Amino acid sequence: MRPVDFLKNECENLLSVLDQTLRYDYGLEGSREFYEECGQRLEYIQASLELVDPTSTHIVRELALNLEFLSELVCRIERSSLGEYSWPFVEEFKEISKALCTEKRVLKDRVVTRVPNVHVIAEGGLHTYSIYSDANKQLSKRRIFIIEFPRTLKHYVLFHTILGHEMGHAIYNIPLIQNELDEIFIENFVKASPVFKDQPTVVQWLYSEAAPQEVKARLNHLKTEHSIDHDDFFFAHADYDAWLQEFLCDFIGLLMFGPSFLGAVCHLLYSNDPLGRQVNEEHPLTGIRANTLLLAAESLGYTEWKFDQSVQPAVDAFWKDVYEKQETDPWFKVISKEAVKITVDKLQAFLANFPKTLYQAPDPENINHLVHQILDRCPPVGYKFTSEGPQYRQVDFRDIIFAGWIAQSQPGSTIKFSDINRLCEHGIMQQVSIKKMLENPKKPEDNKKAA
Amino acid sequence: MSALSKKAIEQRLSSTDSKRLTVSPILDRRQIGPSSIDLRMGNVVMVAKAGGQSHVEPAVYKKVKDHDCVRYKQQKHERVDIPFGKPFLLHPGTLALVPTLEWVHLPVDLQGIVTARSSWAREGLNIATATIVNPDYRGIITLELANFGEIPIELYPGLRLAQIAFYVLEDAPTEGYDGQFKMSFEPAAGDISQDDDYFIPVKENKDKLSVCSNCGNGFDGGDV
Amino acid sequence: MPIMSSTRPDSSSARYKRFAAIVTDLADDSTSIPAYNQIPVEGLFRLMEMYRYDAFKDETHSGVLAMSSASYGRRHHQMSSKSWHLPIKQALDSTMNEVFAGKPKEDAVYEVEIILFQMSENAPLTQEQQVQAKSFFSTFEKALVL
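Residues numbered from 1 in each chain as written. Chains lettered and ligands numbered in written order. Predicted model: local features only at pLDDT ≥ 70, side-chain atom pairs only at ≥ 80, totals over all residues.

## Overview of the sheet that holds strand β12 (residues 138-139) of chain B
All names here are of chain B.
- Spatially, three strands are ordered β2-β8-β12 in an open sheet, and the strand pairing comes out antiparallel. Each edge of the sheet is formed by a strand with only one pairing partner; in this case those strands are β2 (22-24) and β12.
- Sheet topology note: the β2/strand β8 (residues 103-105) ladder contains three bridges and is antiparallel. Residue Val23 lies in a different strand from β8, and its bridge partner there is Val104. (Pairing = 2+ DSSP bridges. Helix = DSSP H or I, 4+ residues; strand = E, 2+ residues; numbered from the N terminus.)

Below, the structure is given as structure tokens:
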């Protein structure tokens, strides 16, 4: 069999596997768009294989790579059945994703949009939060975004806020947005940082005498085991651009999910790097990320938010936990608070163009109500029954998650973290039903009054 | 034991003391009837897998970390998540476990009885048994739905399928409920053999094991 | 270890060369482009957007917490893929110069994008657009050397 014939045969196999994906259930929006998009990609490859000169090795190889990528994509989707991830969270998150990831092309007098296809899968591993997007250069008509959750953390909606960061990476691949984000971030953060302004300065700082022992040990290991020294640190080991993008995406995650994002970062990032001092290839040191995020949270006024006196001690305990991650060693000071403030303010202004993307300061009364529901082991929702009858409120699903983080910090509370997560997940689901009822023009008269 | 009237139910729902009854959320005040509250269908359905098991085997409900026992329990039902707006078709003769949309917490002096709503019952949809909800229970309520009619019934999460009536217990307990379903988030098969182990015989014939060949507590499966 | 290397060479130049060849042909009748052939149209539209905003950072990321120890093969592959766009950008520059000599980049990109947009809608191209599309994409195809 010639390579071209093998690939044609593989196209048939893939078509069969694609058909088999429809054995599973993928939620309300279902599988039609994904099935059609992948079917068209496959049809394109098949048509190309029919026309290609079998001796054109570059083209044959290119088509083989497309087929391989498509095969991976289809098999991933096959594993995305509804029962493996938290669909109440996903339904809410998808709304933000679609608003953010829609490609907008400005053609003088008109704007052309391309709405992406968003899919969700669960994978093994504790830290598999990710969003895979088709790259611009990949074969696609309609872009596909795959949101990946850790399978074991299915119900842990408090951790799912990490996806705000991943959404940053996903939107960075949209040229118009990349252009805007680069302008904001490079001008206001990178150029203002005495450390991150360029690669040589970062290297100088990393290899400086003042660096912590753990950093020195890792750099020494790279030198002795892999012959990587300061001259080729960013060529052979780490990725400067990727480090910068991590800071940017941290800010986007924070703006999207508020203090809950910090809570998730402080739990998850430190779970396999307890000191936050590992030198990684694509991620700057966790300690520096935590410090920078704290500066951003302060700049956004999060730490000043005041709540009911019955809830405030838990809020204070939440922030105390977060501040414990702060590195006070001057070596970790890589950016001024002023520069962070200018950067997050500008990012906030940019993201305000996308509906529902930004986390708004919560109504203290809402938070108070939600936290008390959780502590009372009841799913947190915008509902209570008073002597007047049922009362309803629209509650942002991110308020429910923030209330979860506050409840888990409640001094003396015995409620388990896993139960808090499940209560919040349940609350998000129930809140959807309240939203449906409140938005129903035929809602009962009694409810109208209450709302 | 006396049933709560609508007025008494509303008083309990709005109470702030230990007698408070929680049914959250009640999306429509008309859900509260003269002596009951209507309950809506939640977003998960557990349907017994046709061909999954040969029979119901009490012994596998023992909490033993045994491959066959766990497999039996895991494969007995198919779990389907149904977001709002998506239908679920309940076929004639099928039993489905469905959670209520509402989260319920009963104070220690109340017992709940869940039954089908008559309008649905007339269509063939029945709550298989009148479920008793114990005092101090906390969580969703599992509805055991069965289609007794001859044609399939399309169900949507959010529909009012059942109703719960409340009864004040005489000589109410002072401590809470300690059942196996405490803080229940979704329907699950119950432990039908709990505390009845001594009635389940040890089976000797190793060649005729069906589902639980290596169970640690003396169970060797059943003759099939 | 897999039977063969899992490192994938970048094949973007070959892809865009094919896209350009297909779109050159499609320009003859933009009203009946089959759905699967909208893929090269969209692909070139995205390329023009990257070119327009000089936004070629197009990697897929490995997650917020990916902290596994370095796979040096992967690293080198990723490092090299960062420059995937250079020959393509160069080919676009030379095509722009040849087809739209003297025209500001923004205007030239607009003219190409509006053609691609109409093709994506299966809308007819004017005679002038047809000539321009065929000229632009065939020049671009030739400029991409594999």
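## Describing the environment of A:Glu36
All names here are of chain A.
- Positionally, Glu36 belongs in helix α2 (residues 32-51).
- Owing to 14 C-beta atoms within 10 Å, Glu36 belongs among the partly exposed residues under this scheme.
- When the C-alpha atoms of Glu36 and Leu18 are compared, they prove to be 9.9 Å apart, with 18 residues separating the residues in sequence. (Buried ≥ 20, exposed ≤ 12 C-beta atoms within 10 Å, placed from the backbone.)

## Let's talk about the domain arrangement of chain A
Residues and elements named next belong to chain A.
- Annotation of chain A at the domain level lists domain 1 (3-157), domain 2 (177-351) and domain 3 (364-450).
- The interface is formed by eight residues belonging to domain 1 together with nine residues belonging to domain 3.
- Along the lines of polarity and charge, the residues of the side of domain 1 that touches domain 3 split into four nonpolar, two polar and two charged. (Domains from an automatic or database assignment. Contact = placed C-beta atoms within 7 Å. Nonpolar A, V, L, I, M, F, W, Y, C, P; charged D, E, K, R; others polar.)

## Re the interface of chain A and chain B
- Counting residues at the interface gives 30 residues for chain A and 25 residues for chain B.
- Those elements that provide at least two residues to the side of chain A that touches chain B are α4 (87-101), β6 (383-386), β7 (389-392), α17 (417-439) and α18 (445-450) of chain A.

## Brief notes about the sheet that holds strand β5 (residues 144-150) of chain A
Residues and elements named next belong to chain A.
- Taken in spatial order, the three strands line up as β3-β5-β4 in an open sheet, and their pairing is mixed. Of all the strands in the sheet, the pair left with one neighbour each is β3 (117-123) and β4 (130-133). Each neighbouring strand pair of the sheet contributes to a mean axis angle of 20 degrees, computed without reference to strand direction.
- As paired elements, β3 and β5 share seven bridges and run parallel to each other. In the sheet register, Ile121 faces β5, and the bridge partner there is Glu148. (Axes fitted to C-alpha atoms, helices over the stretch in contact; angles between N-to-C directions.)

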